[in-house]
Structures are given as C-alpha cells and as structure tokens.
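Residue-level listing of the chains:
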Amino acid sequence: MSDRSQALPTPEGEYFESNRFAGLSVLVGLTAFVALTLSIAGAMIDPHQFSFSWLFAFAFFFTLCAGCLFWTIVHHATDAEWSVVVRRQLENIASLAAVLALFFVPILVLRHHLYEWMNIPPGHDPAFDAKRPYLNWHFFLARTIFYFGFFILASFFLRRLSIRQDKDGNPRCTLLMRKVAFIALPLFALSLSFGAFDWLMGLNYRWFSTMWGVYIFAGAAGSSMSLLVLVITALRSAGYLKEVVTLEHYHIMGKWMFAFCVFWAYIAFGQYMLIWYANMPEETQYFLTRNTESWWNLSMLLVIGRFFGPFAILLLRSIKKQPHRLCYVAGWIVFMQMLDMYLVVLPSLHGTGIHLSVWDFVSVIAMGATLGFVYLQIVGRTSLFPVRDPRLIESLRLTN
Amino acid sequence: MRTPAGHKVYAMAAEYPSAAALYEAAKQVRDAGFKRWDVYSPFPIHGMDDAMGLKKSWLSAVVLIGGISGLLTAAIMEFGPSSFLYPLTVHGKPTNFFTVPAFFPIMFELTVLFAAFASFFAWQLMNGLPRWHHPIFNWERFSRATNDGFFLVIEARDPRFTENETRDLLEKSGGQHITIVHDE
C-alpha cells in the first residue's frame, strides 16, 4: 500500500540495450585485453610480486561476487519481497564466479611463490607436519575445486531458474529456487569460510584465527551490497529501472550497508581484541606485521574508513534516501574492501612496510575490466528485473 | 462536549472492514485537516505514517543523545580510574590511550544500554504511558483491535471536531458502526 500510484511494468520487462553501450563494451574489453597481456608479462618478469598482487585482486573481486551470491540465496531462503526488483543484478554479478574460477588458475600455477607451506619438506617443521593432513597440495586442490564447483553451480541454477520464470511465470520456479537456497546456504558458509582459510589465512601457515571466515564474509556482504547500489544507480542513470527501483529500495539497501558496516566492525574488532588481549606470539604475528612500520597508517585508515566514517554518515536516514549521496558512501565502502584485502594479502610479502607495485594496479584493472566486460555481455540477455516473479508487485509497492 | 444525557464525549469512532479501507480512510481524515486522531489495527500497516500525515518522530534524537551519554559515561568511568586516578599495568598493557581495545566492549555496551533506556522511556512518555485506563475501552467493539478489527478514532478535543461533520466524514470514508465514545 502506498501513496504512489504504481503503473505496473509491461510483462516483457525492461532490457538493457547492448548496442547503445557497444562503445563502452569495446573500451572495457580493450582495457581488459591490454591489462591481461601486461599481467602475463608481469607473471614472467616478477612472478613473486605478481602472484601476491594477483591474489589481492582476486580476493577483492571474489568477495564482491560471493557477497552477491549470498544476497541472492538469502533472498530466496527468507522469501523476501523487497529485493525482487534488484535480484537480477545480484544474479548477474554472482554468476561471474565462473570467470573468477579462471582467474584462480594463475594462483594455482604460482602457488609456490604464495604459499610457503607448499615448499616445506617433511620433517623440517614439526608445527607444520602437524597440519599436514589438512594443508597438502592434493587436498588443497580438491577443496578449491569444490568451492568453485559450488559457487558456479549455485549461481548458475539460481539465475537459470529465475530467467525461466521470466518466460512462463511459473510459481514452481520460486519454490524450486527456495529449495536450492536452503541447500546452498550451509554450503555457502562452508565454502566461503574454508576458501578464506585456504587462500588467505594459508599465506602464513603458522597463524590461525577462528573468526577468519566470518571476517571475510562480513566484508563481502557489506561491500557487495554497496556494489549493488552502484550498479543499480548506474542503470538508473542510463535510463533503466526508473519506475521499478524506488527510494524505498535505496533506503533498505542503505540500511543493509549500515548493518554490515557495524557487523564488519564487530567481527574485526572481536578478532583483534581477543588476540591483542591474550598476547600469544603465534596469534599476534598477523597484527604485529600490520600494525608496525607504514602498515600502521593503512590499518588505521581501514578502522576509520571502513567503520567510523560510514557508521556516522549512514546513521542519517536522509542519506539512505538520496541515491547519489548514497553512491559516494557505497563507492567508498567498495574501496575500503579493496584496502581490506590489500592489508590481508600484501603484508605477508612486504613485512617491512608498504611497497606499492605496478602489478597491484595491473591485476586490479585486468580483473575488473574483464569482469565488467563479461557483465556487460550478460546484462542485456535478460530483463533487468525478474518480470514475472510472484512477489514483484509487493516489491514495487514497497514502503518501509 | 457532552451528549444530551450529560456524558462527556471522548471521541467519535468508526470500524473498517480491512486494512486497505482503513488506509484509504486515514488519507481522507488527514486531508480534512484533523490533528488529534489515531488509527488502530492488529498489525502494523505499511505506509500508514504517510497516510496519516505523520512527521518524523523525534524519538531518534532522544536515542542518539542516550547513546552518546552512554559512550561518554563508559569512557570517563574507564579512562578516569585506569589512566589517571590509579594507573595499573596489567598483562604489560599500556595505561594510556592505547589500551582502548580493552575498553571498547564496555563502551559499546553502555552505548547500547543507555540508548535502549532512552528509547524505552521516551517512547513511554510520547505515548502518554503508563496509564491505568483509556476512554476508548468504553467502546465494546474496540476489544477486537487486537484481533481482527480496524478502527479510526477522532478525538472531540480536535478543533475541527463537530458531531455532524465528523460523522459525515467517517460515513463517507466507508466507516461502519460509527459511534460516540464517552470519556468516563
């Protein structure tokens, strides 16, 4: 119920005209091509630095995509109605997991540069030998295949069923997607947590934190909601979804950004404080590296920029109802997620302080441009919102 | 205002068959310019704030003040003794500002606690609670407000309230069982 008289959208839905943005697509594609070529050069010239830069870029884009899959799964599992109109973009971004699986191949190739534990002969380090049943190359590879198998299949099925419903409007698809979501929810938690353990915590096999999976998840969920705000606003400023996504939807997306800003801080601080208080060397080494030398500045920027700043700004209701201002905050949060991943990965290489490398930038541009290019290819293939979802009208008339 | 029998009038009330009907009626009453009136339903109705013409509540400002005073209380009660009055080195931790991680949980908890208290008590105050009785309970049908009844009540102290015009408005907006509710 609402004061706004809602004209119902046409049953054909709204389509992104790929022709109109062919120029942009070519530009992004060219950038991707050049940057990927440079990346191959980087892997040849300086494989040690490049492998860390590449893992950093991978972690950043992977968390964004995984977060979008999370929101899709939660949408179906909770039978939500507000997110119907923005769901197709979540599905589109989540299905980029297939591209990210390709981007993981260089990490597998350069694994000996990244993961110190892969080079330790048996009997050399008793602390590592105790972890060998879990940390060994074959099991690592099998797990990685499992994680990507899950992310690719879950995002594929959820998108496929959603598109099928666009054609026939069969409510069975909704029930089916809910079932997929129920299975996917625990698998998502396991895959993201253990993926974070294997790929990021494994950079230093001596260190461990039980909060690590939740920490990576908290950043992923908040930043992907911010990315969604950016994508939706970009589509709206191109003239799409004008009648479909209202300020009420922005309000809810802003509230989720706020909620996960707080959740991230809660988890990050919980992890930090327990380690700081107990003061045990095998645990503190992670924060010692990141809180000394020039890394200290970036750590402080992360604390202030990822939590205190957005917290104070998003506390205001008015900011959540102004798309363009919300976009500044959303862009900032996505940037902070990048900084977060930078602080996770790069200090294990440059323990003595910040050392920016050209390959950091090349990796981010290569992956970002490739993912952007693929996104531009798939966004026009379906309606920009699930046009025959049974809950569409409720979502259109959302008030909160 | 009093009835011919001499009872003091509290309000004129009407019942509506559905949430949607109540929502539409609220818009008409809002547009008629009434200020002292309210709607009652067994569940929250989305968009009713706008339909009733309600402005943003000042509760959030009170909660913010409560939260900030909680944060300051915690900061003073922790840093005061531990850094200034009786600095004590525990676990080799500093006694200056850099011991703040140990203090954050208390700061967080007092912020939440004071904000919760502020919201609870300010909310009571704004709603005129606590009170023993309310004149609207003099109307028997009203007991269904917690079950399946949708009610709109215009108070007699509203400057625009006149018996005939208010009754007309409620009738026109689809109200049923329109009645005068006595004050005592």
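Check the entry above for the structure.
This section reports on the structure supplied with the text. (Residues numbered from 1 in each chain as written. Chains lettered and ligands numbered in written order. Predicted model: local features only at pLDDT ≥ 70, side-chain atom pairs only at ≥ 80, totals over all residues. Heavy atoms only, no water.)

### Things to note about the overall build of chain A
And step 1. Helix and strand counts for chain A come out as 17 helices and 0 strands.
And step 2. Against the globule reference of 21 Å for 400 residues, chain A gives a C-alpha radius of gyration of 22 Å, in line with a compact fold.
And step 3. Oriented by its inertia axes, the alpha-carbon framework of chain A measures out at about 70 × 40 × 40 Å.
And step 4. Of all intrachain contacts in chain A linking residues separated by at least 6 positions in sequence, the fraction that spans at least 24 positions is 83%.
And step 5. Here chain A contributes 29 positively and 23 negatively charged side chains, and the mean placements of these two sets differ by 6 Å. (Helix = DSSP H or I, 4+ residues; strand = E, 2+ residues; numbered from the N terminus. Rg over C-alpha atoms; globule rule 2.2 N^0.38 Å. Contact = heavy atoms within 4.5 Å. Lys, Arg positive; Asp, Glu negative; His and termini not counted. Charge placed at Lys NZ, Arg CZ, Asp CG, Glu CD.)

### A look at the pattern of salt bridges
All names here are of chain A.
And step 1. A full pass over the atoms with the stated rule returns 20 salt bridges over all chains.
And step 2. Where D79 meets R391, a salt bridge forms, and the shortest distance between an N and an O atom there is 3.1 Å. Highlighted residues: D79 in the loop between α2 (47-77) and α3 (84-94) and R391 in the loop between α16 (358-379) and α17 (392-396), separated in sequence by 312 residues.
And step 3. Classification of D79 by relative accessible area gives partly exposed; the value is 28%.
And step 4. Here R391 falls in the partly exposed class, since its relative accessible area comes to 24%.
And step 5. The residue D198 makes a salt bridge to R143 at a minimum N-O spacing of 2.5 Å. With a gap of 55 residues between them, D198 in helix α9 (residues 171-199) and R143 in helix α8 (residues 137-168) connect regions that are remote in the sequence. (Salt bridge = Lys/Arg side-chain N within 4 Å of Asp/Glu carboxyl O. Buried < 20%, exposed > 50% of the residue type's maximum accessible area, 1.4 Å probe, protein only.)

### Comments concerning the nonpolar core
And step 1. Membership of the largest hydrophobic core comes to 141 residues, with the highest contact counts inside it found for F58, Y115, F151, F188, W199, L200 and W212 of chain A.
And step 2. Those residues in contact with F188 of chain A, other than ones at most four positions away along the chain, are A66, L69, F70, I73, F150, F151 and F217 of chain A.
And step 3. One finds W37, A51, M52 and F150 of chain B within the second-largest nonpolar core, a separate group that totals 26 residues. (Core = buried A, V, L, I, M, F, W, Y, C linked by side-chain atoms within 4.5 Å.)

### Observations concerning the interface of chain A and chain B
And step 1. Of the residues lining the interface, 14 residues belong to chain A; the matching set on chain B comes to 19 residues.
And step 2. When chain A packs against chain B, close to 1,400 Å² is buried across both sides, 70% of that on carbon and sulfur atoms.
And step 3. Where chain A touches chain B, the interface holds 0 salt bridges.
And step 4. The interface formed by chain A and chain B includes 2 residue pairs in polar contact (both at pLDDT 80 or more).
And step 5. Secondary-structure elements contributing two or more residues to the side of chain A that touches chain B are α11 (247-278) and α13 (295-314) of chain A.
And step 6. Per-class residue counts for the side of chain A that touches chain B are 9 nonpolar, 3 polar and 2 charged. (Buried area = accessible area lost by both parts, 1.4 Å probe. Polar contact = N/O pair within 3.5 Å; in protein donor to acceptor, adjacent residues only side chain to side chain. Nonpolar A, V, L, I, M, F, W, Y, C, P; charged D, E, K, R; others polar.)

### Some words on the environment of I333 of chain A
Residue and element names in this part refer to chain A.
And step 1. One can find I333 in helix α15 (residues 323-345).
And step 2. Here the alpha-carbon distance between I333 and G13, two residues 320 residues apart in the chain, equals 31 Å.
And step 3. For I333, the contacting residues outside a window of four places in its chain are G222, S223, S226, M257, R306, P310 and L314.

### Quick notes on the side chain of S83 of chain A
Residues and elements named next belong to chain A.
And step 1. Turning to its location among the elements, S83 is positioned in the loop between α2 and α3.
And step 2. Assessed through its relative accessible area of 5%, S83 is described here as buried.
And step 3. Side-chain polar atoms of S83 contact the side chain of H75, separated by 2.4 Å.
And step 4. Non-local contacts of S83, meaning those with residues more than four positions away in its chain, are made with H75 and S395.

### Quick look at the packing of aromatic side chains
Residue and element names in this part refer to chain A.
And step 1. Under the criterion given, the structure shown has 68 aromatic pairs over all chains.
And step 2. Where F58 meets W199, the ring centres are 5.6 Å apart and the plane angle is 75 degrees; that geometry is what we call edge-to-face. Highlighted residues: F58 in helix α2 and W199 in helix α9, separated in sequence by 141 residues.
And step 3. On the basis of relative accessible area, F58 is assigned to the buried category, the value being 2%. (Phe/Tyr/Trp six-rings, centres within 6.5 Å; stacked < 30°, edge-to-face > 60°.)

These figures come from the coordinates and say nothing about function on their own.
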